[in-house]
Amino acid sequence: MSFTNRVFAGIKPSGDLHLGNYLGAIKRFVPLQETHECIYCVVDMHAITVWQDPKILAQSTREVAAAYLAAGIDAKKHIIFNQSQVAGHAELAWIFNCVARMGWMQRMTQFKDKAGKNAQNVSLGLFAYPSLMAADILLYKATHVPVGEDQKQHLELTRDIAAKFNNDFEKDFFPLPEPIITGAATRVMSLRDGTKKMSKSESSSLATIYMLDDEDAIAKKIKKARTDPEPLPQNFDDLENRLEAKNLVSIYAALADISPQEVLNQYGGEGFGVFKPALAQLAVEKLAPMNKEMRRYLDDKAQIDEILKDGANRAREIAKTTMKQVKDIVGFIS
Ligand code: AQP
């Protein structure tokens, strides 16, 4: 069977969006609009796998939508919506819970990282998260999924679920979606610890550049970013054991749309006294206009809610067709 070239991607409204979400995901969503039919979702049902204050959840949902719009996603030509408005996500996720195997889910490293020593006490939803993610993607028979490096394992599980469904029920019903993991910053690390991923749940605000940070905050965080006393090398490979320096060079490359090696062609031999101000200037130049645009959208909640509703209506139409077929295939009377 041939499938439409369709992109699905989502971001959890589980806190303030950061540079990792931007460089690893949102920035890369934009050019895909030229080549694919794109569905960009605010995955609020994933957010509640850990506690969310209901008042803040609604605001964070609008913030993700505002970031999509400010980055340049065209909500008329493509689709922007929040997941909980389309019931098909939950319906298909249940069917996938019955397709996925316990052993597959138990291998997911993100669950192990997030649950830590507290595995008996976290929500069942956190454990089942990858099955809902598979439903998000396959409900639209999406063929491509742009994600950061951290989501690679979940994407592989999505393919396993699709393959098992096809094998158990009907050959070639679901596509096996391809991850798109490209660019210089597929895994942006904390500015304070090069071994840790930059993340919404990080407690030190100095470790994370937020998309709504103002120019002073961006410059201050880059100035205070942890580094080492050595100058930058001429070759990117020589940064292998200098994680914090490698992270800053990768961030520069991703912001400037050049390769990390090209950054070192320019700054190799320089110390951080020269490189950090250059990075701060570039980050402000790239992030400040988007920040302004996000705030403009956030000032008009009704407009964002309308965009989400319109997107959900269009997403629901696609989802309805898939769910009708899935129910027939599984043997549910509908
Ligand atoms: N540090 C990162 N570098 C590159 N890409 C990243 N992404 C997240 N962090 C980085 C990518 O952003 C997209 C949306 O992720 P998400 O918000 O749905 O979930 P997450 O990966 O769990 O993000 P966080 O910030 O770490 O959230 P919390 O702390 O709430 O769990 C994905 O494509 C992801 O790869």
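Placed above this text is the structure.
Here's what I pulled together on the structure shown here. Please read all numbers here as calculations on a predicted model, not as lab measurements.

Rules and cut-offs
- Residues numbered from 1 in each chain as written.
- Predicted model: local features only at pLDDT ≥ 70, side-chain atom pairs only at ≥ 80, totals over all residues.
- Heavy atoms only, no water.
- Helix = DSSP H or I, 4+ residues; strand = E, 2+ residues; numbered from the N terminus.
- Rg over C-alpha atoms; globule rule 2.2 N^0.38 Å.
- Buried < 20%, exposed > 50% of the residue type's maximum accessible area, 1.4 Å probe, protein only.
- Contact = heavy atoms within 4.5 Å.
- Phe/Tyr/Trp six-rings, centres within 6.5 Å; stacked < 30°, edge-to-face > 60°.
- Expected span 1.5 Å × (residues − 1).
- Bend = angle between axes of the 7 residues up to and from the residue.
- Disulfide = S-S within 2.5 Å.
- Near = heavy atom within 4 Å.
- Polar contact = N/O pair within 3.5 Å; in protein donor to acceptor, adjacent residues only side chain to side chain.
- Areas by Shrake-Rupley, 256 points an atom, 1.4 Å probe, with all protein chains shown as cover.
- Nonpolar A, V, L, I, M, F, W, Y, C, P; charged D, E, K, R; others polar.
- Lys, Arg positive; Asp, Glu negative; His and termini not counted.
- Salt bridge = Lys/Arg side-chain N within 4 Å of Asp/Glu carboxyl O.

Some details on the overall build of the protein chain
No. 1: Check the secondary structure of the protein chain and you find 13 helices and 5 strands.
No. 2: Since a compact globule built from 334 residues should have a radius of gyration of about 20 Å, the 21 Å found for the protein chain is in line with a globular shape.
No. 3: Seen through its principal axes, the protein chain has C-alpha atoms that stretch 70 × 45 × 40 Å.
No. 4: Residue burial in the protein chain is summarised as follows: out of 334 residues, 52% are buried.
No. 5: In the protein chain, 77% of the contacts between residues at least 6 apart in sequence involve partners at least 24 apart.

A word on the packing of aromatic side chains
Here a ring pair, both rings aromatic, is described through the centre-centre distance and the interplanar angle of the planes.
No. 1: Evaluated as defined, the whole model comprises 16 aromatic pairs.
No. 2: For the ring pair Phe-81 and Tyr-140, a centre distance of 6.2 Å and an interplane angle of 70° mean the geometry is edge-to-face. Residue Phe-81 is found in strand E3 (residues 79-82), and its partner Tyr-140 is found in the loop between helix H7 (124-138) and strand E4 (144-146); the two are separated by 59 residues along the sequence.
No. 3: For Phe-81, a relative accessible area of 0% gives the class buried.
No. 4: Measuring from centroid to centroid gives 5.3 Å for Tyr-267 and Phe-275, while their planes differ by 70°, and the two rings are edge-to-face.

Describing unusual backbone geometry
No. 1: A positive phi angle is found at Lys-141, which is not glycine, with a value near 50°.
No. 2: Relative to the helices and strands, Lys-141 resides in the loop between H7 and E4.
No. 3: Residue classification places Lys-141 among the buried residues on the basis of a relative accessible area of 15%.

Thoughts on helix H1 (residues 19-32)
No. 1: Taking 1.5 Å of rise per residue, 14 residues should cover 20 Å, and H1 covers 19 Å from first to last C-alpha, within 8% of that figure.
No. 2: At Ala-25, H1 shows its largest kink, close to 30°.
No. 3: The buried fraction of H1 is high, at 11 of 14 residues.

Focus on H7
No. 1: Spanning 15 residues, H7 covers 22 Å between terminal C-alpha atoms, matching the ideal 21 Å at 1.5 Å per step.
No. 2: Of all the bends found along H7, the most pronounced is centred on Pro-130 and spans about 45°.
No. 3: Taken across its 15 residues, H7 has 12 buried, putting it largely inside the fold.

Observations regarding the environment of Gln-303
No. 1: Structurally, Gln-303 is set in helix H13 (residues 301-330).
No. 2: Judged by its relative accessible area of 33%, Gln-303 is partly exposed.
No. 3: Sequence separation between Gln-303 and Gly-103 is 200 residues; the distance between their C-alpha atoms is 44 Å.

Things to note about the state of the cysteines
No. 1: Counted by the stated rule, this structure contains 0 disulfides.
No. 2: With no disulfide of its own, Cys-41 lies closest to Cys-38 among cysteine sulfurs, the gap being 13 Å.

Structural notes on the site of the ligand
No. 1: Around the ligand sit 22 residues in total, of which His-18, Lys-114, Asp-150, Lys-200 and Ser-201 are the nearest.
No. 2: The separation between an oxygen atom of the ligand and a polar side-chain atom of Lys-12 is 2.9 Å.
No. 3: Gly-148 is positioned with one of its backbone polar atoms (N or O) 2.8 Å from an oxygen atom of the ligand.
No. 4: Relative to its unbound accessible surface of 640 Å², the ligand loses 96% to contact with the protein.
No. 5: Of all the secondary structure elements, the ones that give two or more residues to the shell around the ligand are strand E1 (6-11) and H1.
No. 6: Examining the composition of the shell around the ligand, we find that 4 residues originate from one element, H1, more than from any other.
No. 7: Its residues assigned to classes, the shell around the ligand shows 5 nonpolar, 11 polar and 6 charged.

Digging into the side chain of Lys-141
No. 1: Buried within the structure, Lys-141 lacks any salt-bridge partner; its nearest side chain of opposite charge belongs to Glu-170, at an N-O separation of 7.3 Å.
No. 2: Once residues lying within four places of it in the same chain are set aside, the contact partners of Lys-141 are Phe-3, Phe-173, Phe-174, Pro-175, Thr-322 and Gln-325.

Structural notes on the pattern of salt bridges
No. 1: Overall, the coordinates contain 16 salt bridges when judged by the stated rule.
No. 2: As a salt-bridge pair, Asp-74 and Lys-77 come within 3.9 Å of each other at their nearest N and O atoms.
No. 3: With a relative accessible area of 67%, Lys-77 lands in the exposed category.
No. 4: For the salt bridge of Glu-293 with Arg-296, the shortest nitrogen-to-oxygen distance reads 2.8 Å. With Glu-293 and Arg-296 both in helix H12 (residues 272-298), this residue pair falls 3 residues apart, about one helical turn.
No. 5: You can call Glu-293 partly exposed: its relative accessible area is 26%.
No. 6: Looking at Arg-296, the relative accessible area reads 46%, which means it is partly exposed.

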